[in-house]
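# Fold and geometry: a report
What follows is each chain in one-letter form.
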Amino acid sequence: MILKALFAASATAALLLALPANAAELTIGFSQIGSESGWRAAETSVSKQEAAKRKVNLKIADAQQKQENQIKAIRSFIAQNVDAIFLAPVVSTGWDSVLKEAKEAKIPVVLLDRDIDPSGKELYLTAVTSDSVHEGEVAGDWLAKTVGAKACNIVELQGTVGASVATNRKKGFDTAIAKHANLKVVRSQTGDFTRAKGKEVMESFIKAEGGGKNICAVYAHNDDMMVGAIQAMKEAGLKPGKDILTVSIDAVPDIFKAMVAGEANATVELTPNMAGPALDAVAAFKGKGTVPPKWIQTESKLYTAADDPQKIYDSKKGLGY
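In this report, we go over the structure that sits alongside the text. Starting from 1, residues in each chain are numbered consecutively following that chain's sequence as written. Given that this is a predicted model, residues contribute local features only at a pLDDT of at least 70 and side-chain atom pairs are listed and counted only at 80 or more, while totals for whole chains, interfaces and linings are drawn from all residues. Here the side-chain values reflect all heavy atoms present in the structure, with hydrogen atoms and water set aside.

## Concerning helix H6 (residues 164-177)
The cut-off we apply is this: A run of DSSP states H or I qualifies as a helix once it reaches four residues; a run of E qualifies as a strand once it reaches two. Both are numbered from the N-terminal end. Helix span is expected to be 1.5 Å times the residue number reduced by one. Categorising residues by exposure relies on relative accessible area from a 1.4 Å probe, with only protein chains included: less than 20% of the type maximum marks a residue as buried, more than 50% marks it as exposed, and the intermediate range marks it as partly exposed. Throughout, a contact is declared for two residues whenever any of their heavy atoms are within 4.5 Å.
Helix length check: H6, at 14 residues, gives a terminal C-alpha distance of 20 Å against a target of 20 Å (1.5 Å per residue), a fit within 8%. Among the residues of H6, Ser164, Val165, Ala166, Arg169, Gly172, Phe173, Ala176 and Ile177 are the ones counted as buried. The inward-facing, buried residues of H6 abut helix H5 (132-147), strand E6 (152-158), strand E7 (183-190), strand E8 (217-220) and strand E9 (245-250).

In structure tokens:
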């Protein structure tokens, strides 16, 4: 009887060893940029939810928007011998050395939301991102269609200098409006993806452009900067969404509140759920050796005031924004 029990236990142990690794066994380190925007906070919240669904031990390190903090976090994760590393890179360059260290340690790296310089593509497993060039194009196409043949001076609130998403959202928007001679970006400055800086820069734009009279529209690389810009417009006695058209990117709850109030016109959605596809890719890679495509693209959807913004706000407000 004892021998039979021992044999059964040994067989069970052998079977478990033969099974592929699954999500429940994974420990993943996530070097998050910080919480500079509502969207970023939602990404962190949704990442935790997705990890909990799969029983993954997700360790999140907040870099407070500093690349040096992200590099330290990645090296800490390597020392802990985690199963994989998620990285939302604050800028696109300067990653080769630390990612080589991860590769030498045989720890796969997955990029979330943002890409890095093409020279480093062999150093990560996959990137889960939107097409941020396409996001900018969607924003520009909406503005062109809305304005029609009217001459339109645009002010632009750029994201963090050096961030791939800021570069690409500008590129896409510029490409879209270049088809229309009546559309022109007259001022462009970084608002660093934050509400406070977005408000500050918009205030300077309004002063420089005749109290806002010379501004037809504002394009912001994210909704948080736009929320700040809307406040600046209101304080200057302008009616955002009417006197000055608004188009931005991310689709965070507060932009839908602004739409309900008639103070915002359009936003392009960036889903905060980058972790779900990333966790699935890592589980398949660790368990079965399945190599994912180098780029897993998420959807970019346009929302306007015609899309029942109150309903959308209600659906998003519990996601951690």
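That covers the picture; the talk isn't over yet.
## Quick word on the layout of surface pockets
Cut-off, in case you're wondering: A 1.4 Å probe that fits into a set of points on a 1 Å grid over the protein atoms alone but cannot get out defines a cavity; an open set with protein on both sides within 12 Å along at least five of seven lines defines a pocket, and lining residues are those with an atom within 4 Å of a point. Grid points are joined across faces, edges and corners, and a volume is the space filled by probe spheres set on the points. Charged means Asp, Glu, Lys or Arg here, nonpolar means Ala, Val, Leu, Ile, Met, Phe, Trp, Tyr, Cys or Pro, and polar covers whatever is left, Gly included. Segmentation of the chain into domains, including their bounds, is taken from an automatic or database domain assignment.
By volume, the largest pocket amounts to about 340 Å³. Elements with a contribution of two residues or more to the lining of the largest pocket: strand E5 (126-129), H5 and H6. The leading source of residues in the lining of the largest pocket is H6, at 4 residues. Its residues placed into classes, the lining of the largest pocket shows 7 nonpolar, 7 polar and 7 charged. Counting only domains with at least three residues in the lining of the largest pocket, you end up with domain 1 (2-130 + 273-290) and domain 2 (132-270 + 305-319).

## Regarding the sheet that holds E5
Strand pairing in a sheet relies on backbone hydrogen bonds, with the paired strands running either antiparallel or parallel. This is how it is decided: Should DSSP find at least two bridges between two strands, the strands are taken to pair. Only the contacting stretch of a helix is used when fitting its axis, a line to C-alpha atoms as for every element, and angles between N-to-C directions run 0 to 180 degrees.
As summarised here, the arrangement of the 6 strands in space is E2-E1-E3-E4-E5-E11, forming an open sheet in which the pairing is parallel. Sheet topology places strand E2 (57-62) and strand E11 (295-297) at the edges, where each strand pairs with a single neighbour. The mean inter-strand angle of the sheet, taken between neighbouring strand axes irrespective of direction, is 20°. Direction of pairing for strand E1 (residues 27-32) relative to E2: parallel, over a ladder of 6 bridges. By the bridge assignment for E2, Gly29 is matched with Lys59. Of the strands in this sheet, E1, strand E3 (84-87), strand E4 (109-112), E5 and E11 touch helix H10 (residues 275-288), which is tilted by about 155° from E3.

## Quick notes on helix H2 (residues 38-53)
Counted at 1.5 Å a residue, the expected span for H2 with its 16 residues is 22 Å, and the 23 Å between its end C-alpha atoms agrees. Taken together, the buried positions of H2 are Gly38, Trp39, Arg40, Ala42, Glu43, Thr44, Val46, Ser47, Glu50 and Ala51. Looking at the residues trailing H2, positive phi occurs at Lys55, about 60°.

## Some thoughts on empty space enclosed by the protein
Enumeration over the complete set of coordinates arrives at 1 cavity of 30 Å³ or more. Looking at the largest cavity, its volume works out to about 70 Å³. Along its surface, the largest cavity is lined by Glu36, Ser37, Trp39, Arg40, Asp113, Arg114, Val165, Arg169, Phe193, Asn222, Asp250 and Leu270. Where the lining of the largest cavity is concerned, the elements lending two or more residues are H2 and H6.

## What to know about the state of the cysteines
Short version of the rule: To count as a disulfide, a pair of cysteine sulfur atoms needs to be within 2.5 Å.
Under the counting rule described, the total for this entry stands at 1 disulfide. Between Cys152 and Cys216 runs a disulfide, and the two sulfur atoms are separated by 2.1 Å. Sign of the S-S torsion, about -90° for the bond between Cys152 and Cys216, identifies this disulfide as left-handed. Within this pair, whereas Cys152 is found in strand E6, its partner Cys216 is found in the loop between helix H7 (195-208) and E8, the two being separated by 64 residues in sequence. Comparing Cys152 with Cys216, the two get one shared label, buried.

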